[in-house]
Amino acid sequence: MKIRGLFCGTKAVNNEEYRKVLKRRNLWMAALSLTGIAIGLTAFSAFENGSTVLPEYMLGVYCGFGTGLAMAGIFLIIRNCMLMQNEEKLKQSRLENSDERLQEIGNKAALTAIKVLLLAVTAGGMIGGIFHQILIKGVLFVLNVFIFSYIVSFAYFKRRM
């Protein structure tokens, strides 16, 4: 069984629609790459300017994370562009990504992962907050962002669908 990516599902019914979907995804991948570049450059410049006391290990974490995001975005853009050039592979990818059964499996897996993530973030933040109080604020911020984004997106999709 082939595992499909979290953001790969589509309802495109022909190759032209799917090509438009891939072009929109490329914009998101470009944003992902730019975010990665911004993370890496910001950490590196803050370290070089001495404007922050960032240990070399953390500099490596930030630069590595930023580089990873940038490279992943670039890789996916290239893959999508190559896919758009080959009609047969484009059709095959469209059919795989529009499989309703795989989309339902992906939705259930994502929902389960969200529940586990919320539980882990809450437990980790609350336990860690005993030792470092800033963790509680971080966890509450993340939970509030999640709840707010869920409410807004639910209202949006309720009107749209």
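Residues numbered from 1 in each chain as written. Predicted model: local features only at pLDDT ≥ 70, side-chain atom pairs only at ≥ 80, totals over all residues. Heavy atoms only, no water.

A. Representation of the overall build of the chain. Each helix and strand in the chain was counted, giving five helices and zero strands. When its helices and strands are written in sequence order, the chain yields α-α-α-α-α. Expected size for 161 residues packed as a compact globule is a radius of gyration near 15 Å; at 20 Å, the chain overshoots this value by more than 25%. Each of the three principal axes of the chain carries a C-alpha extent, and together these read 55 × 35 × 35 Å. Taking all contacts inside the chain whose residues are at least 6 apart in sequence as the whole, residues at least 24 apart take part in 62%. Split by element, the accessible area of the chain, about 12300 Å² in all, is 70% carbon and sulfur. If you average the places of the 19 positive and of the 10 negative side-chain charges in the chain, the two averages end up 7 Å apart. (Helix = DSSP H or I, 4+ residues; strand = E, 2+ residues; numbered from the N terminus. Rg over C-alpha atoms; globule rule 2.2 N^0.38 Å. Contact = heavy atoms within 4.5 Å. Areas by Shrake-Rupley, 256 points an atom, 1.4 Å probe, with all protein chains shown as cover. Lys, Arg positive; Asp, Glu negative; His and termini not counted. Charge placed at Lys NZ, Arg CZ, Asp CG, Glu CD.)

B. Seen up close, the side chain of Asn26. As for its position among the elements, Asn26 is in helix H1 (residues 15–49). Each residue touching Asn26, except ones within four places of it in the same chain, is listed here: Leu76, Ile77, Asn80, Cys81 and Met84.

C. Structural detail: a nonpolar patch on the surface. On the surface, a nonpolar cluster with roughly 590 Å² of combined accessible area is contributed by Ile114, Phe146, Ile147, Tyr150, Ile151 and Phe154. Counting residues per element, the nonpolar patch draws most heavily on helix H5 (residues 134–160), which supplies five residues. Looking at where Phe146 falls in the secondary structure, it is placed in helix H5. For Phe146, a relative accessible area of 31% gives the class partly exposed. (Patch = residues over 30% accessible without salt bridge, like charges linked within 9 Å, V, L, I, M, F, W, Y side chains within 5 Å. Salt bridge = Lys/Arg side-chain N within 4 Å of Asp/Glu carboxyl O. Buried < 20%, exposed > 50% of the residue type's maximum accessible area, 1.4 Å probe, protein only.)

D. Quick look at the nonpolar core. Counting residues in each nonpolar core, the largest one holds seven residues, listed as Ala12, Tyr18, Val21, Leu22, Leu83, Met84 and Leu90. Elements with a contribution of two residues or more to this core: H1 and helix H2 (56–85). Tallying contributions element by element places H1 first for this core, with three residues. Sequence-distant contacts of Met84, defined by excluding residues within four places in its chain, comprise Arg19, Leu22, Lys23, Asn26 and Leu90. (Core = buried A, V, L, I, M, F, W, Y, C linked by side-chain atoms within 4.5 Å.)

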